[in-house]
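# Structural description and commentary
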Amino acid sequence: MPRSDVPADLIDGLGVRAVHPVSGGDIARAYRLETRDGPLFLKWRPDSTPDLFAREAVGLRVLREHRGNLAVPEVLREGPSGLVLEWIESGAPSSTTEEDLGRGLAELHRTTSDHFGSLDGALAGYLGSARVDLTPTADWPEFFVQRRVVPLIERGIAQGVVAPEARTLIDELLPRAAELCGPPEPPALVHGDLWAGNRMVGAGGQNWLIDPAAHWAHREIDLAMMNLFGGFGRDCFAAYDEAFPLADGWQGRIRWYQLPPLLVHAILFGGGYGSSALGVLRHYAG
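First, a word on scope: everything that follows refers to the structure included in this document. (Residues numbered from 1 in each chain as written. Predicted model: local features only at pLDDT ≥ 70, side-chain atom pairs only at ≥ 80, totals over all residues. Heavy atoms only, no water.)

We now examine the pattern of salt bridges. Under the definition given, this model contains 16 salt bridges. Here R167 ties to E154 by a salt bridge, and the two come within 2.9 Å at their closest N and O atoms. Placement of the pair is R167 in helix α5 (residues 165-173) and E154 in helix α4 (residues 140-159), with a sequence separation of 13 residues. Owing to a relative accessible area of 33%, E154 belongs among the partly exposed residues under this scheme. Notably, a salt bridge pairs E220 with R253, separated by 2.9 Å at the nearest N-O pair. You can see E220 sitting in helix α7 (residues 220-228) and its partner R253 sitting in the loop between α8 (234-243) and α9 (254-257), a full 33 residues away along the chain. Residue R253 is classed as buried on the basis of its relative accessible area of 8%. The network of salt bridges with common partners includes K43, E56 and D211. (Salt bridge = Lys/Arg side-chain N within 4 Å of Asp/Glu carboxyl O. Helix = DSSP H or I, 4+ residues; strand = E, 2+ residues; numbered from the N terminus. Buried < 20%, exposed > 50% of the residue type's maximum accessible area, 1.4 Å probe, protein only.)

Quick look at the structure:
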């Protein structure tokens, strides 16, 4: 790819000698920048909303500050259309990679706040490229249901990717929101979009967290996302529970906490995700 095709605000002064496309996610284009000081990673989306990458940069910096034994790439450059991050050299998992992830995530989740929602006062963020409400509140069921689930259901219905029955079902479940969300816990610093593709294994089996939708939330949000598409070993969950025991019944709340990513996937990609979200609502409505 010619250097001239990359926005100057992202690469000027970095000594870029070559730009090579690499595999990346569905949200942005991904490139390896060859520079005089070594490789860097560029993610770029020409039609990005102005704050998409700014929100990601905030999340990366906060996670990096509290990462413990986990690794989080450094943000080297940010602009309205993309980010430049340190390059992560892929490696093979070690015998302790899964346990290390479980313990590291437990340590990350011990970082707390006095509210759920925004890390820095911004009232909106993103899950994938779907805009979500981050208005702070001290009440977790209110945040989860009224700021996440209900707006995403309404958006999905409006787009025709979620059946209108979902509105009736969530209305039935609203009086039970506190029960369904589980025992109260302090707001935890969560990655927010922790599927297997957002955990990279680097040199020496080091766990790296990438592409966050970080915010203050109930910590089971991350555990539920990790269980949605698989890719994490039993040793990871066992090590987590040993380091920071989960409240009774957490397995029964996994599907409940998978509602936001299922709804976002329905909004962004269609397919059967809307039906899966409807199935979750029917399950809890009984």
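This part is about the nonpolar core. Counting 79 residues, the largest nonpolar core has W140, F144 and W256 as its most contacted members. Top contributing element to this core by residue count: α4, with nine residues. Those residues in contact with W256 that sit more than four places away from it in its chain are F144, V145, I170, L173, L180, C181, V280 and Y284. Of all hydrophobic cores here, the second largest spans twelve residues; its members include L14, V16, Y31 and V84. (Core = buried A, V, L, I, M, F, W, Y, C linked by side-chain atoms within 4.5 Å. Contact = heavy atoms within 4.5 Å.)

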